[in-house]
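Given next are the chains, with one letter for each unit.
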Amino acid sequence: METQAQVVQRILSPARALTRERLIDSAIALATEGGYDAVTIRQVAARAGVSVPTAYQHVSSKDQLLVEALMTLGVRSTETLRQRVPAGETPADRLVQVFRRVMRDASRKPLLYQAMYRAYVVCSPALVETDATVGFGPERAKWIGETLRAGDTQGHSEEDLESASRILSCLFLGAMVGVAAGRDVEEALGILDETTRRLLP
């Protein structure tokens, strides 16, 4: 098994971007149905309707593909947030709502998140060498900061919000791994809720 996969940020042509998206969506579907072992480059390629050599032009291993799937879901969470700004008078109120939505969705797809976080752990050493943002959650959970800033910040400074974003991104990563491994989602949400409100009273 290849362990030195790297997620490479690159500008793709529309056709290559569409192929990459199909590969990622196929990996997500296979992992949702059967977990980590159900994802192979051959199966992903077949489901995406491309050849195996074409798939390898986009990713070097299934671990890289699963990490890219994890990053893509983070990007989609950010896009969803921008389209549907959460209600809430305070930054903490807004973020607690989004945590609940994301965590409950993850709890309904345990095999998918087990697969993606297994790949994330495998790939992290190589990722850290090329991307200093790795380690705060995939990746710094950008939507956390955007949620905090998506309305009245209740007098919290930019420094307060940035600090809270970093801390909560780390905590969120741990909570997601825990829920994927079988921890009760409501217990994890309770910890996230308490921490968020203590950081941003």
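Residues numbered from 1 in each chain as written. Predicted model: local features only at pLDDT ≥ 70, side-chain atom pairs only at ≥ 80, totals over all residues. Heavy atoms only, no water.

Participant: Report on the confidence of the model for the protein, specifying residues and quantitative values.
Facilitator: Residue-level pLDDT values for the protein average 85, and 85% of them are 70 or greater. When mean pLDDT is compared element by element in the protein, helix α2 (residues 41–48) scores highest at 97, while helix α6 (residues 110–130) scores lowest at 79. Note on residues 1–9: pLDDT under 50 across the span, and 23 contacts to partners over four residues away in sequence or across chains. Segment residues 128–136: pLDDT under 50, and 14 contacts once partners within four positions in sequence are set aside and those in other chains are kept. (pLDDT = per-residue confidence, 0-100. Helix = DSSP H or I, 4+ residues; strand = E, 2+ residues; numbered from the N terminus. Contact = heavy atoms within 4.5 Å.)

Participant: So what's going on with helix α5 (residues 91–107)? Which residues, and what values?
Facilitator: In this model, α5 (17 residues) spans 24 Å end to end at C-alpha, consistent with the 24 Å of a helix rising 1.5 Å per residue. The complete set of buried residues in α5 reads Pro91, Ala92, Arg94, Leu95, Val96, Val98, Phe99, Val102, Met103 and Ala106. (Expected span 1.5 Å × (residues − 1). Buried < 20%, exposed > 50% of the residue type's maximum accessible area, 1.4 Å probe, protein only.)

Participant: Any details on the pattern of salt bridges? Residues and values, ideally.
Facilitator: When their charged atoms lie close together, side chains carrying opposite charge are able to pair. Inspection of the entire model under this criterion finds 16 salt bridges. The salt bridge involving Glu146 is made with Arg82; its shortest N-O contact spans 2.5 Å. On the criterion of sequence distance, the pair formed by Glu146 in helix α7 (residues 142–148) and Arg82 in helix α4 (residues 62–83) is long-range, its members being 64 residues apart. A relative accessible area of 48% places Arg82 in the partly exposed class. Among the salt bridges present, the one from Asp105 reaches Arg108, with a minimum N-O distance of 3.8 Å. Shared partners join several salt bridges into a network, and the residues in it are Asp93, Arg100, Asp193 and Arg197. (Salt bridge = Lys/Arg side-chain N within 4 Å of Asp/Glu carboxyl O.)

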